[in-house]
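Observations on the three-dimensional arrangement
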Amino acid sequence: MSTAPLLTILLACPVLGLAGILVTPARFPGAIRRVAVSSGVAALVVVAVLWARFDPSLPGYQFVELKRWIPAFGISWHNGVDGLNLPLLALTSIVYLTGILVMWELEVRVKEYFAFMTLLVVGVFGVFMTLDLFFFVFYYEVAVLPMYLLIAIWGSTRKEYGAMKLTLYLLVGTALVVPAALALYWGAGLGTFDLTRLAAAHYGRSFQLLVYPFLFVGFGILAGMWPLHTWSPVGHVAAPTAVSMLHAGVLMKLGAYGILRVAMPVLPQGAHYWASATATLATVNIVYGAFVALAQTDLKFVIGYSSVSHMGIVLLGLSTLNEAGINGAVFQMFSHGIMTALFFAAVGYIYDRLHTRDIGRLGGLSRAMPLASAFFIIAALTGAGVPGFSSFWAELLVFLGTLRTFPVLAIIVVAALTITLAYSIRVIVLAFFGEPREAHPHVADIGLFLSLPRAILVGVLLLFGFVPHLMLDVIAPATRSLVQALS
Amino acid sequence: MTRWFALFPEAALGVTALLIFAALMTDRHRTERARAAAFTGGLLVLAASLLTMGRTEEFFWATYRVDAFSQLVKVAVAAGFLLSVAIVKDGAGQREDARAEIFFFLLTSAAGLVSLASAVELVSLYLSLEIASFSLFVLVPLRDRFELGREAALKFLVVGLAASAVTLFGLSLVVGFTGSTRIDQIAVQLPGLAGEPAAIFGLALFLAGLLFKLAVFPFHFWAPDVYQGASHGVAAFVATASKVGAIAVLARLVSLAALGGTQLVMALAVMAAVSMTLGNLVAIVQRDLKRMLAYSAVAQAGYVVVGLVAYTPDGSAAALFYGLLYLLMNSAAFLVVARVAADGANPTLDDLRGLHRRSPLQAATLLLALFALAGVPPTAGFVGKWFLFSAAMSQGWWFLVVLGALNSTVSVYYYLVAVKHAYLLPDERNRGPLPLSLADRALCYALSGAVVVLGVFPTPLYAWAGRAARLLP
């Protein structure tokens, strides 16, 4: 195994991209786009190398980099990969690249847009690779902040309100995480923020029970946890296409990943004590999100609430604390990320051309733009858990896991899945089939270049839908050791 | 004889004063000449403070101490002075016949802060504090054509004098009970006086004078008026160099507060909590940028006190470190405020509209400065607050940490509103570009760069602050 610091190189891709964008004068938007896309391609290549060299049979972290950073506080530059974050790094690189391609037609303030977007991606990659609690929180906030400007400047419907609401909600989340992180540091008394050592530290039971909710709720806000999810649909509707893709696709996973990487391994007793409460909240997420999605008329709101519902599946999987559930949760994080990105990419094209997302004003789209419609329909079917797409396996695993620990909740969830199916079918039928409700100017179907990013996403969904073990082989060993540590 | 070399920075101050004084004697180009003199002199003081860094000496019957702590603070004061001189520029907003004098009085105030850093005895401490304050009492009323400026000046003077009276009374009580004015000797006496309310009361009153300077609740009333009423450069000095000086001395004295028993520490904790909350909440409704920065400063002072109540070396180091960062980020904010309102009038949020088009560099500088004040990574504000909160958490002040973290979220709201005006809202008056001089551009890049670099590589500066803080009693 080579000793090249692959993770630092991966982080350097967006960092150098950002630097390149900043030094390119704003009057060359083409050059800026090319810089952005090359950083996206580079990141994807590095992740591919990581994936190829990753050996699931080895225990612990691989590609580990460890350097002292702020010795006075035991803060270190510590990165590593295991089966839990490798899929998420892959997800980020895929959505990053496709997001840049989707925004190729952007004309307004191109330089600033790509600069903020790359900064956001720096934060996301950072969270997914770091094993140091300080850097975890650091990157976590780096990822949250550019969001405000991205939504407020380039967004649509109620963008200023949506952007501010989203930012403040997420920062309340970090305001809970920061004290909890400091409490973990001083509570362990090891003088280190190293997550691997904190996970081995022994915390008293009452400490665990007290601190765990801070972490779960703090991270949970970003994962769209009910009842603190309201920022999510509003923010996603307001955001421009690629930002919705990144946000719903990747950023919401940061929250779930925080629970998985920080809260659960470091405070196992807390996780056990609060499991039934968090599982119940997650079930509310699933049911409530699905019902509300059923009532929406704006395509993006449908997706926004479906995300709330689907993130509930992730949280439920994590709450089961068993192998099947956590495997499913990680798989669902990945496949929901790809699926939502596809959703928003598809809607983005429709909105760009027709300037409406209102189901009541659409209809018969599949005749006018068959390819663009196909992308949306595929995403909707994936969301409904149709076999052949990756979400099917993820949801199945979460369901099996839940059946063992919370049988009642499992039954409720299965019932809710029919509602998921219902809202998916409703949107597909109303917007894409039948007669157009309003006359729209004739618009061309999506071109070859713009369908490329969407096609990539569809390909990924199908690949892991038909060959799920590609993913599960990576996740399962890491989950097994996590579950052993939890019990 | 070589031990007197440790007083280089003070000597440099004297030389600078003479230089500026000479410039003031001339007839033409007084402002430019005084500015050049102040700039040269400021650089001299900065260099002298850096050169004397390794020295430890005591002077004047051990009332004046030169060590790594005092010299670090002197570096910061000199840097703050230089930045303020740069922000003052041509003195826009100040009365026309008194523009050149800004530099002289800023220098005398800086001189007060420099000796404040070295004072280890209560009377010299008090005198330094007064020198630093009185120079500002002179500068604030010299605002040009601004009614509120007079009111601000009067308020500043009256409240300031009241604060000094209180400080002096506290001093008399402390001296009466301990029989000494030297901080180290008082520290020895204090534990025995823990049950003596009057001694603790005296100490509290003495601290009040410093808390006034730092604008911590309930001594913050002057800050919004003075920030608003003073001209930009003067306000920048009050907001930066003056704050660092106050933080440094507070770090020195807070160990006494801890020895004085838990009540004082508890009182400081409550003040920190109220400062953070009140400052941030009131800042939300401000439209005047300088007033907003003033309330934000009240909140920031609260964060600093959160670190200080830990009364550990880590806490003092964190407070000192945050003071240094605060100097940089607030200077950046004031620089943009001063340039946006180059005519010397007070800018409101609406004046920021369209800034990203008029001057992308200033918009970016403001963005970074405000994010740093809000404590958002990768800017330095994040690590600064992290260290402060960490120090407080180590002593079990978890409710202060939770409150501080929540307050940071509140503060993000009004900082983002300012950012929104600069980046998002269109400029209805369609004003043209806002060009910057070469020096201002360089300053924008330097401050923005420093704010980001220190956010990612805080170790050297923090280690410096840590070494200095370990020298405190």
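None of these values were measured; they are calculated from a predicted model.

Conventions and cut-offs
Residues numbered from 1 in each chain as written. Chains lettered and ligands numbered in written order. Predicted model: local features only at pLDDT ≥ 70, side-chain atom pairs only at ≥ 80, totals over all residues. Helix = DSSP H or I, 4+ residues; strand = E, 2+ residues; numbered from the N terminus. Rg over C-alpha atoms; globule rule 2.2 N^0.38 Å. Buried ≥ 20, exposed ≤ 12 C-beta atoms within 10 Å, placed from the backbone. Contact = placed C-beta atoms within 7 Å. Expected span 1.5 Å × (residues − 1). Bend = angle between axes of the 7 residues up to and from the residue. Nonpolar A, V, L, I, M, F, W, Y, C, P; charged D, E, K, R; others polar. Core = buried A, V, L, I, M, F, W, Y, C linked by C-beta atoms within 7 Å.

In terms of regular secondary structure, chain A is built from 20 helices and two strands. Computed over C-alpha atoms, the radius of gyration of chain A comes to 21 Å, within 12% of the 23 Å expected from 2.2 N^0.38 for 487 residues, which places it in the range of a compact globule. Every one of the 487 residues in chain A was classed for burial, and the buried ones make up 62%. Long-range pairs, those at least 24 residues apart, make up 81% of the contacts in chain A with a sequence separation of at least 6.

Turning our eyes to something else, we now look at the overall build of chain B. Per the secondary structure count, chain B includes 20 helices and two strands. In summary, chain B has a C-alpha radius of gyration of 21 Å against a globular reference of 23 Å for 473 residues, a match within 12%. Along the longest, intermediate and shortest principal axes, the C-alpha atoms of chain B span 70 × 50 × 40 Å. When the 473 residues of chain B are sorted by exposure, 63% land in the buried category. Long-range pairs, those at least 24 residues apart, make up 79% of the contacts in chain B between residues at least 6 apart in sequence.

The α-helix advances 3.6 residues per turn, and as a result positions three or four apart in sequence lie on the same side. Residues and elements named next belong to chain A. The end-to-end C-alpha distance of helix α20 (residues 469-486) is 24 Å, a good match for the 26 Å that 18 residues give at a rise of 1.5 Å each. At I475, α20 shows its largest kink, close to 30°, and the proline P477 lies no more than four residues downstream. Those residues of α20 that fall on the buried side of the exposure criterion are M471, L472, V474, I475, A478, T479 and L482. Here the buried face of α20 lies against α3 (86-102), α11 (241-266), α14 (323-354) and α19 (448-466).

Counting residues at the interface gives 27 residues for chain B and 24 residues for chain A. Those elements that provide at least two residues to the side of chain B that touches chain A are α17 (380-394), α18 (398-423) and α20 (459-469) of chain B. Here the side of chain B that touches chain A is composed, by residue class, of 20 nonpolar, six polar and one charged.

Residues and elements named next belong to chain B. Between its first and last C-alpha atoms helix α5 (residues 122-139) spans 26 Å; for 18 residues at 1.5 Å apiece the expected length is 26 Å, and the two agree. Along α5, the positions that sit buried rather than exposed are L122, L125, Y126, S128, L129, A132, S133, S135, L136 and L139. Here the buried face of α5 lies against α4 (101-118), α6 (147-178), α8 (197-214), α10 (232-239) and α11 (241-259).

A few words now on the environment of G173 of chain A. All names here are of chain A. Considering the arrangement of structural elements, one finds G173 in helix α7 (residues 159-188). By the C-beta count within 10 Å, which is 27 here, G173 ends up buried. As a C-alpha pair, G173 and L452 span 279 residues in sequence and 36 Å in three-dimensional space. Setting aside its immediate chain neighbours within four residues, G173 contacts G218, F219, I221 and L222.

What follows concerns the nonpolar core. Side chains of nonpolar character tend, in soluble globular proteins, to be buried together. Core analysis: the largest hydrophobic core is formed by 407 residues, its most contacted members being L342 of chain A together with V309 of chain B. Of all the elements, helix α14 (residues 313-340) of chain B adds the most residues to this core, at 20 residues. Those residues in contact with V309 of chain B that sit more than four places away from it in its chain are V265, L268, A269, A272, A392 and W397 of chain B.

On to unusual backbone geometry, then. Residues and elements named next belong to chain B. Geometrically, the link from F217 to P218 is a cis peptide bond, its omega value of 0° lying close to zero. Along the chain, the position of P218 falls in the loop between α8 and α9 (222-229). Cis geometry marks the peptide bond from P377 to P378; its omega dihedral reads 5°. A positive phi angle, close to 60°, is found at A62, a residue other than glycine. Mapped onto the fold, A62 is located in the loop between β1 (57-59) and β2 (64-66). C-beta crowding within 10 Å serves as the criterion here: with 11 such atoms nearby, A62 is assigned to the exposed category. We note that Y311 has phi near 35°; this positive angle belongs to a residue other than glycine. Of note, Y311 is situated in the loop between α13 (289-308) and α14. The class of Y311 is buried, set by 21 C-beta atoms lying within 10 Å.

Interpretation in functional terms is not warranted from these geometric data alone.
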